[in-house]
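Spelled out from the first residue to the last, the chains are:
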Amino acid sequence: MDVELLSRLQFAGTIMFHYLFPPLSIGLGLQLFLCELAFNWTKNPVWESAARFWTRVFAVNFALGVATGIVMEFEFGTNWAAYSRFVGDVFGSALAAEGIFAFFLESGFLAVLVFGWDRVGPRFHLFSTAMVFLGSVFSAVWIVVANSWQQTPAGYEIVWNEIQGKQVPRAEVTDFWAMVFNPSSVDRLTHTLMGAFVLGAFFVASVSAYYLLKNRHRDFAKKCLAISLPSALLFSFLSAITGHDSAQKLVETQPAKLAAMEAHFHSSDEPTGLTLFGWPDAQQEEIYFDVKVPRLLSFMVYNDLETPVPALDQIPADERPPVWIPFQMFHLMVGLGTAMLALAALAVFLRYKGSLESWRWVLWGLVFSPVAAMVANQAGWITAEVGRQPWIVYPSVQGGVEMMGLRTSDGLSESVVASQVVSSIIMFGIIYSLLFAIWIFVLNAKIKHGPDSVEEMQRLKAEHRDESMRESIGHSGRSFGGSMMEDAGE
Amino acid sequence: MSYELLTLIWFLLIGVLLIGYTILDGFDLGVGILHPFVAKSDIERRLVINSIGPLWDGNEVWLVTFGGALFAAFPNAYATVFSSFYEAFHLLLACLIGRAVSLEFRSKVHSPKWKTYWDVSFFLSSLLASVLLGVAGGNVLAGMKLGPDFHYNGSLLDQLTWYPLLVGLLTTSLFALHGAIYLYMKTEGDLQRRVEANILKLFFVFAAMYVIVTVATILHVPHATDNLKDYPWLWIVPIANALAVLNIPRAMHLGRPGYAFFSSAMVILALALLFAVAIFPNFVISNIDPAFTVTLENARSSPATLKNMLIIAVVGIPCVLSYTVVIYWIFRGKVKLDSASY
């Protein structure tokens with residue numbers, strides 16, 4: 001296999017695995033913050049035990065997000081050196097801004113969030129939770145800005161520099177804010193964040209619904225549902241809106257991607273219909289088994305029933321993206337999104353009526369909903385990334401001048417050979433499979449164990465208070481409670 | 001501000017990030033290397049691990065930000081270095097993942113086997129990460145097989161020669177020493193006595209490596225001392241370095257571990273400055289032809305980007321420093337296990 005395909009596989013694999021964690025961290029961070037806010041407001045200890053429980057789940061997820069994220073940052077250099085030389089001036093600054101503005105904030109206050117329960121007051125703890133959440137949102141901001149710039153570049157020019165006697169092109173920033181607020185960054189950022197909030201809300205609802213079904217931790221479950229279900233409804237709805245905005249922009253900025261997402265092969269003067277299902281074949285330029293709603297795509301893109309949407313045949317053959325993957329992934333995302341919106345609406349309605357618990361299939365639906373949310377998040381990214389091929393940086397028009405883009409095949413590391421990429425794929429394949437298994441195992445153990453009951457939590461807190469008092473009077477390292485001494489004997 | 005000055009400022013800022021990383025992650029890597037030797041029971045292991053529990057993640061962020069800043073300020077250096085060290089870097093990444101998950105998962109299941117497994121993984125990944133960081137530094141210092149257009153013509157085996165491996169041992173011994181002093185400050189009782197017994201041994205190992213690597217560098221990497229010859233005032237760096245090294249046993253003898261920790265941090269700082277003095281004004285020297293060398297000048301970004309990034313740094317760094325100080329303050333004092341510990 002060639003280095004390009006291998007490097008793309010490697011990048012796709014490592015980023016998809018990484019992308020299991022950040023959306024959940026962002027979404028869970030918000031739910032966690034709301035639980036703690038409720039605790040600070042009501043002083044009801046059930047909220048504290050809920051916040052402590054979600055913190056533990058959050059910490060495991062966050063650690064994996066950080067660990068797999070470091071890989072992403074350095075892969076630009078290891079596997080995509082030519083790309084890095086071309087965009088470093090632009091893309092690098094967004095990445096550096098993420099480090100300075102997001103990562104330090106997150107990781108610093110994460111320490112207080114996870115380890116600070118017995119060291120700082122509830123208000124400072126709440127503040128730290130807010131900072132961790134804010135940091136994770138900042139992180140999304142800079143990463144989506146960097147990614148959006150590749151899709152719809154702005155605020156730059158191509159400069160030819162002489163390096164070792166040769167003229168070498170690269171993108172250089174001319175207007176930092178135009179680069180940050182490029183034509184797609186706001187729409188894509190809001191849609192990405194909504195996707196993460198949906199996942200977090202359904203995750204909390206899932207665990208809570210499971211406890212109700214098993215008749216355990218009922219206080220905790222009801223309280224968490226009171227927050228997570230309305231969030232799930234609100235954010236599912238906002239996902240649909242922001243997704244629609246994103247898609248509408250595509251017709252101007254990336255018409256090839258839009259046509260691929262809809263498997264829209266042939267132009268015509270007629271209004272364009274929306275394909276609900278189908279099996280596109282890019283070779284034959286045909287779509288089989290399709291179900292189409294007439295005029296709907298024209299309406300969704302242009303808000304009128306007449307204007308035809310450009311098709312793939314208007315794009316030069318060597319600049320067309322693959323069709324099957326973006327088409328199916330886009331439809332999967334939209335389908336799951338609609339189903340989640342319906343489920344959330346139904347669950348909120350039933351809860352309002354007070355009969356949620358007698359609708360056991362709705363509860364079971366909630367239990368499995370995070371899988372749907374996760375798949376929808378992944379499918380959305382796959383649509384966005386496969387749909388921009390063969391470009392790693394899209395060609396664009398800046399001030400009336402057409403700017404060169406960078407093809408994915410031109411972005412590779414010049415000195416890296418196929419066997420090196422294969423070995424790294426194997427290494428990450430093994431490590432990531434293990435991690436995935438352990439992650440599921442630990443998550444399962446946490447959920448099985450459940451939140452500490454209020455009495456248990458208060459007993460533990462009192463114990464540690466006593467201990468630190470005893471130690472501060474002068475006992476040295478060995479003065480631990482009975483249960484810990486047993487641990488030591490293992 | 002002139003382009004030359006901006007370039008120099010960014011060379012220094014990149015250095016600050018790398019030094020911040022080696023000083024901070026240096027002690028938690030060191031704790032990882034030492035923990036099988038000093039902690040005897042599960043409680044002691046938990047104490048050792050929780051001494052870095054709230055801090056290691058923030059320490060690693062310095063590396064991530066270093067990577068981002070190098071990418072933005074000197075894209076050619078970033079692209080060349082990471083694609084040249086392809087296997088070594090992927091191994092380092094595997095180690096960093098290994099450390100993160102070992103710490104996170106170790107206490108999640110109450111089974112001695114499970115814990116032993118993660119202890120071993122924590123030890124090995126900390127050890128290998130320290131060696132690899134030093135090997136990378138050694139290669140950059142000695143120069144690499146860079147051909148035209150910054151394409152690397154060597155392989156992993158070219159990177160594992162005696163000199164880079166020596167530098168790898170130097171960093172490993174330094175991190176272990178730095179971590180031991182940190183652990184001494186954070187522990188008490190028997191555990192602390194066991195840590196103390198190791199500090200002097202580690203100091204002698206490090207001092208021996210320090211002398212060996214110094215001699216090896218003078219013999220094997222003659223260009224490393226060019227800047228010292230041209231600018232004699234730079235001799236202040238190796239002198240300060242030697243004084244900081246000697247101050248470690250002195251401070252421990254005086255019973256001032258905080259001062260000793262400060263000294264080992266200064267040793268790292270001085271070694272990093274020596275490294276910078278040795279390579280300036282290049283990033284990676286080509287052993288094939290000096291014309292292929294990655295220099296500050298051919299690696300840097302445009303003046304506009306360097307300026308934008310300077311604004312980001314000026315706004316961001318005070319924030320970073322202020323909450324770093326707050327976090328270290330909150331978790332000051334001897335490590336104790338509580339309901340939130342690993």
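Residues numbered from 1 in each chain as written. Chains lettered and ligands numbered in written order. Predicted model: local features only at pLDDT ≥ 70, side-chain atom pairs only at ≥ 80, totals over all residues. Heavy atoms only, no water.

If you look chain B up in an unreviewed UniProt entry, it shows as Cytochrome bd-I ubiquinol oxidase subunit 2 from Novipirellula aureliae. Taken from UniProt, the Subcellular location (unreviewed entry) comment for chain B reads in full: "Cell membrane". Of the comments in the UniProt record for chain B, the one headed Sequence similarities (unreviewed entry) reads "Belongs to the cytochrome ubiquinol oxidase subunit 2 family." (UniProt positions renumbered as here; feature names shortened; annotations may be inferred.)

As annotated in an unreviewed UniProt entry, chain A carries the name Cytochrome bd-II ubiquinol oxidase subunit 1 and is attributed to Novipirellula aureliae. Under the Subcellular location (unreviewed entry) heading, UniProt states for chain A: "Cell inner membrane". Its UniProt record gives chain A the following Sequence similarities (unreviewed entry) comment, quoted word for word: "Belongs to the cytochrome ubiquinol oxidase subunit 1 family."

## Examining the pattern of salt bridges
Residues and elements named next belong to chain B. Taken as a whole and assessed by the stated rule, the structure comprises 24 salt bridges over all chains. Here Asp28 makes a salt bridge to Arg99, at a shortest N to O gap of 2.4 Å. Taken together, the residues span a long stretch of sequence, with Asp28 in helix α1 (residues 3–38) and Arg99 in helix α5 (residues 86–106) at a distance of 71 residues. Taken as a pair, Asp28 and Arg99 share a single burial class, namely buried. The partner of Asp119 in a salt bridge is Arg45, with the nearest N and O atoms 3.3 Å apart. A residue pair is termed long-range when its members are at least 10 positions apart, and Asp119 in helix α6 (residues 112–142) and Arg45 in helix α2 (residues 42–52) qualify at 74 residues. (Salt bridge = Lys/Arg side-chain N within 4 Å of Asp/Glu carboxyl O. Helix = DSSP H or I, 4+ residues; strand = E, 2+ residues; numbered from the N terminus. Buried < 20%, exposed > 50% of the residue type's maximum accessible area, 1.4 Å probe, protein only.)

## Concerning the pairing of strand β3 (residues 274–281) of chain A
Each regular strand shows side chains that alternate between the opposite faces of the sheet. Residue and element names in this part refer to chain A. Two elements, β3 and strand β4 (residues 286–293), share 6 bridges in a ladder whose sense is antiparallel. Pairing of Trp279 across the sheet is with Tyr288, part of β4. Counted along the chain from β3 to the antiparallel partner β4, the turn is 4 residues long, and its residue Glu285 has a positive phi close to 55°. (Pairing = 2+ DSSP bridges.)

## Quick look at the interface of chain B and chain A
Contacts between the two partners involve 83 residues from chain B, matched on the other side by 84 residues from chain A. Taken over both partners, the interface formed by chain B and chain A buries close to 7400 Å², and the fraction arising from carbon and sulfur atoms is 69%. Counting the surface chain B buries against chain A, the share from its top three residues, Phe71, Tyr86 and Ile97 of chain B, is 9%. Ionic pairing is found between Lys166 of chain A and Asp149 of chain B, a salt bridge with its closest N-O pair at 2.8 Å. Linking chain B with chain A are 16 residue pairs in polar contact (both at pLDDT 80 or more), by the criterion used here. Listed by contribution, the elements that provide at least two residues to the side of chain B that touches chain A are α2, α3 (56–73), α4 (75–84), α5, α6 and α14 (303–330) of chain B. For the side of chain B that touches chain A, the per-class residue count stands at 47 nonpolar, 20 polar and 16 charged. (Contact = heavy atoms within 4.5 Å. Buried area = accessible area lost by both parts, 1.4 Å probe. Polar contact = N/O pair within 3.5 Å; in protein donor to acceptor, adjacent residues only side chain to side chain. Nonpolar A, V, L, I, M, F, W, Y, C, P; charged D, E, K, R; others polar.)

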